[in-house]
Amino acid sequence: MSDKKTSKQKKTGNTMFEPGQKPPSPGEYLEVGPQGGKVSKARQVTMTGDDGHLPPTSEKGNNWRKL
């Protein structure tokens, strides 16, 4: 059972979401580069079910990845 959770977390963790997109689930989201790489001074946001959409990133082209 824990293997399925780990597998699901890894799958979600590799998916990137664009600013303004409704997140698939509540949680922590980290700003990443256009191809998913690290961003210097990356923003991290906590999304709840009521937040609506992911906020803008610090630079155009960056995305969000769920932690």
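Further up the page is the structure itself.
Computed from a predicted structure; not experimentally measured.

1. Some remarks on the sheet that holds strand β2 (residues 27-32)
Across a sheet, paired strands are connected by hydrogen bonds in the backbone, their directions being either parallel or antiparallel. The four strands lie next to each other as β1-β4-β2-β3, forming an open sheet whose pairing is antiparallel. Looking at strand neighbours, the two that pair on one side only are β1 (16-17) and β3 (44-47), the edges of this open sheet. Where β2 meets strand β4 (residues 63-66), four bridges bridge the pair, whose relative direction is antiparallel. Its bridge partner being in β4, tyrosine 29 is matched across the sheet by lysine 66.

2. As for the nonpolar core
Core analysis: the biggest nonpolar cluster contains six residues, these being Phe17, Tyr29, Val45, Met47, Leu54 and Trp64. Beyond its immediate stretch of four places on either side in the chain, leucine 54 contacts Phe17, Glu18, Pro19, Gly20, Gln21, Pro23, Tyr29, Met47 and Trp64.

3. Quick look at the side chain of glutamate 31
By the secondary structure assignment, glutamate 31 is in strand β2. Of the side chains bearing the opposite charge, arginine 43 lies closest to the buried glutamate 31, which forms no salt bridge; the N-O distance is 4.9 Å. Looking at glutamate 31, its side chain comes within polar contact range of the side chain of serine 58, at 2.8 Å. Setting aside chain neighbours within four positions, we find glutamate 31 in contact with Val39, Ala42, Arg43, Thr57, Ser58, Glu59, Asn62, Asn63 and Trp64.

4. Let's talk about the environment of proline 26
Its location among the elements puts proline 26 in the loop between β1 and β2. Among residues more than four places away in sequence, those in contact with proline 26 are Met47, Thr48, Gly49 and Lys66.

5. Some thoughts on the packing of aromatic side chains
What the rule picks out here adds up to one aromatic pair. Arranged with centres 6.0 Å apart and planes meeting at 75°, the rings of phenylalanine 17 and tyrosine 29 form a pair that is edge-to-face. Here phenylalanine 17 is found in strand β1, whereas its partner tyrosine 29 is found in strand β2, with 12 residues between them in sequence. As far as burial versus exposure is concerned, phenylalanine 17 and tyrosine 29 are alike and both buried.

What counts, and at which threshold
- Residues numbered from 1 in each chain as written.
- Predicted model: local features only at pLDDT ≥ 70, side-chain atom pairs only at ≥ 80, totals over all residues.
- Heavy atoms only, no water.
- Pairing = 2+ DSSP bridges.
- Helix = DSSP H or I, 4+ residues; strand = E, 2+ residues; numbered from the N terminus.
- Core = buried A, V, L, I, M, F, W, Y, C linked by side-chain atoms within 4.5 Å.
- Buried < 20%, exposed > 50% of the residue type's maximum accessible area, 1.4 Å probe, protein only.
- Contact = heavy atoms within 4.5 Å.
- Lys, Arg positive; Asp, Glu negative; His and termini not counted.
- Salt bridge = Lys/Arg side-chain N within 4 Å of Asp/Glu carboxyl O.
- Polar contact = N/O pair within 3.5 Å; in protein donor to acceptor, adjacent residues only side chain to side chain.
- Phe/Tyr/Trp six-rings, centres within 6.5 Å; stacked < 30°, edge-to-face > 60°.

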